[in-house]
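Structural description and commentary
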Amino acid sequence: MKNNHKMMPFYIAASYAVVSGLWIFFSDRFLSLSPAMAQDFRYWSTIKGFAFVLTTATLLYFLLWSYVRSIIKSREELEKENKECALAHSEIKESETNYRAIFDAANDAIFVYVTEPEGPVGELESETTDGRIVFVNRAGIKLFGEEEAAFVIGKSILDFVQDEFREIARNRIKQINSGNKVPPMEQKFVKHDGSLVNVEVASVPFSYHGKPAAMVLARDMTEKIAVRDELKRALSLLTATLEATADGIIVRNLGGKIVIYNRKFVEMWQVPESIMEKKDEATLLEFILGRLKTPESFLELSGNSDDQIREQTYDLLELADDRLFERISKPQVIGSEIVGRVVSFRDITGRKMLEAQIRQAEKLEAIGTLAGGIAHDFNNMLTAINGYSTILQRKLGNDEQLSSYAAKILLVTEKAATLTKGLLTYSRKQMSHPRPLDINQIINRIDILITTILGDNIELRISQSEGELMAIADDVQIEQILINLATNARDAISGKGLLEISTRRAVIEEGKFGH
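Here goes a summary of the coordinates provided. (Residues numbered from 1 in each chain as written. Predicted model: local features only at pLDDT ≥ 70, side-chain atom pairs only at ≥ 80, totals over all residues. Heavy atoms only, no water.)

**Thoughts on the overall build of the protein**
A tally of regular secondary structure across the protein gives 15 helices and 14 strands. In the protein, which comprises 515 residues, the share counted as buried stands at 29%. Across the protein, every contact between residues at least 6 apart in sequence was considered, and the portion connecting residues at least 24 apart equals 55%. Only carbon and sulfur atoms are counted for the fraction: they give 58% of the accessible area of the protein, which is about 34,600 Å². (Helix = DSSP H or I, 4+ residues; strand = E, 2+ residues; numbered from the N terminus. Buried < 20%, exposed > 50% of the residue type's maximum accessible area, 1.4 Å probe, protein only. Contact = heavy atoms within 4.5 Å. Areas by Shrake-Rupley, 256 points an atom, 1.4 Å probe, with all protein chains shown as cover.)

**Concerning empty space enclosed by the protein**
One pass over the structure, following the stated rule, counts 2 cavities of 30 Å³ or more. What lines the largest cavity is a set of 16 residues, among which Arg252, Glu281, Phe298, Ser302 and Val343 lie closest to the centre. Every element with two or more residues in the lining of the largest cavity is listed here: strand 6 (248–253), helix 9 (281–289), strand 9 (324–334) and strand 10 (337–347). When residues in the lining of the largest cavity are grouped by element, the largest group, 4 residues, is from helix 9. For the lining of the largest cavity, the residue count by class is 10 nonpolar, 2 polar and 4 charged. Taken together, Tyr113, Ile157, Val161, Ala169, Arg172, Ile173, Ile176, Gln187, Phe189, Val201, Ser203 and Val216 make up the lining of the second largest cavity. Elements supplying a minimum of two residues to the lining of the second largest cavity: helix 5 (163–177), strand 3 (185–190) and strand 4 (196–208). Looking at the lining of the second largest cavity element by element, the count peaks at 4 residues for helix 5. Here the lining of the second largest cavity is built from residues that sort into 9 nonpolar, 2 polar and 1 charged. (1 Å grid on protein atoms, 1.4 Å probe; cavity = no way out; pocket = protein on both sides within 12 Å on 5 of 7 lines; lining within 4 Å. Points joined across faces, edges and corners; volume = space filled by probe spheres on them. Nonpolar A, V, L, I, M, F, W, Y, C, P; charged D, E, K, R; others polar.)

This is how it looks when you write it as structure tokens:
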């Protein structure tokens, strides 16, 4: 349009010259052809002049009006373009302001760096990719420990990278320069005061005024690393606690996948590692059911219905190998949402056996108490029988036959007293009286009681050393020890068996068996 305006005067002059020349040429030819007009040439020349002026004036008017109108139109278009440019510039400025506000509002550091060769292009040895920073947001200024963007812009990104990460950062810049993407990585930045900050850096190729550049998002990882370390410590504590417990524990989610378990669970159920590695509840359940006496009872409390998922359950599981497990199942809750179940198993086989032994001991204690009471009363009767028998033996004097009867009564009374003493020993009602005694005699004295305790299925065999086996002890306590040994042997032997009691002399080294 501007070129048309410059050429318009030329177009007007050329048009005027062409029209004038044609008018003069053709008007003169026209007058020369008419004899009447030739006679009155001056008159028609005057008319021709006025007609020429009128024609050229009209032509000039239209040409000038067209020129002026094109100028006006061009001016209007220019003003319109100026307004559109001003509006676009305003929108660009507003957009830039908005983007700047967005970048400044971001919690993560955002900055842009470009790369410029220090040496001539083509000299690879002198070409560097130092990453000159051209833009940084407020979070970036804070991350670098500066107060204003001016202290960051213009510096190389490598100035803020710790030495051990500098070569890695330089290689990443080269890759971005080539248009390649680089994965996020963790590294350390050096702040203005020299302190280090852990950051996670993500970079993408970028074009800045036609130059290769990169936009970098750097996230301060200080809190995240602290949380991660705390999580590691908590997980380590949880794992140690889980492995230290005496219970077998397993956690499953609602999708039927095993989340975590401890080694005690594997040992208790003797589950192969190949099954545990699958972490599939269905596979594990199939194995466990094969080890139970009544699998149906296990399945009753192992469903996934809404009621079963929310309830805390308790039951006892009897295994095919006669072990007894206690099972406690609780829902795993995160917030208010149930995400799985935690199941613990405790082997209570030993506890149940101990409870049975305690009940047996209580029964024996009750029997012992009863036997002690009976023995005490019976001993009083024996004392009277023994006294009267002694008096009777003295009164009979030289009557050998009757005296022999009295002697037999005294002998039977003595044996009955020994039996009564054993019952008192069994009931633990006898006081301790240490004195020199022969261990072999004590064994011989209570062998009948031991045989009675053992029953018909267990044979008693006694092997004693030759001569006396003297010791300072309480004969009642020695008898109690032998009775306890016989009782434990009877409980430990199922079916027919043999209990052998033997004595011999031994030399005990000083300090070997305590004080």
